[in-house]
Amino acid sequence: MPELPQMQALAERLEAVLAGRELERADPLGFSALKTVVPAPDSFVGATVEAVGRIGKYLVLDFGAVGRVLVHLSQAGRVDVEDPPKSTRAKGSVVRFVFSRREADPDAGEVGILVREYGHERKAAWWVLAPGDDGPLGRLGPEPASEEFAELVLHGDDRRRVHTILRDQRTVSGVGRGYADDALWRAQLSPYATLASLDDNARMQLLTAVRDVMAQGVERERTRSGGLSKPKLGDHFDVHARYGTPCPRCGEILRRVSYASHEVAYCPACQTDGKVLADRRMSRLVK
Ligand SMILES: [Zn+2]
């Protein structure tokens with residue numbers, strides 16, 4: 001799933017392509033992917049992209065006084081940059097935005113941005129927001145780099161597992177399964193650690209780990225070019241989805257704990273004092 005680093009770097013690449021262009025068309029291609037009724041996408045036609053940014057895991061196309069368009073890629077949404085725009089309706093198409101040529105740059109023709117969905121549940125979606133309307137952004141917690149998040153980690157008494165807290169977008173926005181795994185590994189904390197149980201040192205380690213993992217993730221993601229294409233996004237993680245391979249820190253084989261919807265990767269030597277946590281996949285095999 002694209003998280004803060006993937007979306008941040010994608011926003012930067014799209015801003016370089018789109019800023020200063022006018023929206024020519026927004027073609028809804030996927031059933032029920034547009035989550036707003038008013039304003040209509042057509043009311044943004046002719047408006048100029050002032051900036052492309054990211055809040056949480058949302059891509060934000062800022063049309064200034066006209067409003068904003070949000071895109072959320074959910075589990076398996078991806079973005080193609082089409083230069084020139086296509087008119088085909090590829091499988092899994094969600095929406096295609098077509099932008100004008102740039103007046104200042106006569107060589108640059110129109111470009112298209114196609115959002116596609118490769119998954120089956122919790123699909124990619126988009127929102128058209130009037131000025132001042134935050135839509136789903138209003139439900140997001142603070143960003144990992146914020147003071148508010150630091151306060152929560154250093155002094156909060158949240159009794160949930162740290163992994164759960166990090167993935168809860170209402171508590172902190174932008175972190176998903178992948179970077180939650182990497183942050184716990186970097187902080188050398190058990191996947192089962194709860195925030196309330198951590199001492200001051202462990203809390204500081206956790207805060208630093210989350211911020212470092214995110215910053216490093218953005219740097220790694222900045223090596224991509226174009227949109228955010230179908231190939232796996234996993235090549236930029238330290239331990240996430242790498243169970244069965246050696247820990248990059250100590251060489252111990254990475255393990256996993258499986259849940260219905262996801263699995264957590266960890267290093268027993270670095271994170272759980274050598275203890276291998278019970279895993280339902282493993283016990284099924286043992287039976
Ligand atoms: Zn290790």
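Our subject is the structure that appears above.
Every value quoted in this text rests on a predicted model; they were computed, and no experiment measured them. (Residues numbered from 1 in each chain as written. Predicted model: local features only at pLDDT ≥ 70, side-chain atom pairs only at ≥ 80, totals over all residues. Heavy atoms only, no water.)

K.L.:
Account for the coordination of the zinc ion, naming residues and giving values.
P.N.:
Taken together, C247 (SG), C250 (SG), C267 (SG) and C270 (SG) make up the full set of protein donors to the zinc ion, lying 2.2 to 2.4 Å away. Coordination at the zinc ion comes from 4 donor atoms whose angles at the metal span 101 to 116°, giving a geometry best classed as tetrahedral. Read in sequence order, the donor residues coordinating the zinc ion give the pattern C-x2-C-x16-C-x2-C. Here C250 is found in the loop between α5 (200-221) and β9 (255-258), whereas its partner C270 is found in helix α6 (residues 268-271), with 20 residues between them in sequence. (Donors = N, O, S within 2.8 Å, 3.2 Å for Na, K, Ca; no water. Tetrahedral: all angles 85-135°; square planar, octahedral: opposite > 155°, others 65-115°. Helix = DSSP H or I, 4+ residues; strand = E, 2+ residues; numbered from the N terminus.)

K.L.:
So what's going on with the pattern of salt bridges? Which residues, and what values?
P.N.:
Applying the stated rule across the entire model yields 13 salt bridges. Two residues, R96 and E82, come together in a salt bridge whose shortest N-O distance is 2.8 Å. Of this pair, R96 sits in strand β6 (residues 93-99) while E82 is found in strand β5 (residues 77-82), placing the two residues 14 residues apart along the sequence. R96 gets classed as buried once you look at its relative accessible area, which sits at 3%. E221 is paired through a salt bridge with R224; the nearest N and O atoms lie 2.5 Å apart. Judged by relative accessible area, E221 falls into the buried class, the value being 0%. (Salt bridge = Lys/Arg side-chain N within 4 Å of Asp/Glu carboxyl O. Buried < 20%, exposed > 50% of the residue type's maximum accessible area, 1.4 Å probe, protein only.)

K.L.:
Outline the side chain of E3, listing residues and values.
P.N.:
For E3, the location among the structural elements is in the segment before α1 (4-18). Of the side chains with opposite charge, K57 lies nearest to the buried E3, which makes no salt bridge, at 5.8 Å. In this structure the side chain of E3 is engaged in a polar contact, spanning 3.2 Å, whose partner is the backbone nitrogen of Y179. Those residues in contact with E3 that sit more than four places away from it in its chain are K57, G174, V175, G176, R177, G178, Y179 and F237. (Lys, Arg positive; Asp, Glu negative; His and termini not counted. Polar contact = N/O pair within 3.5 Å; in protein donor to acceptor, adjacent residues only side chain to side chain. Contact = heavy atoms within 4.5 Å.)

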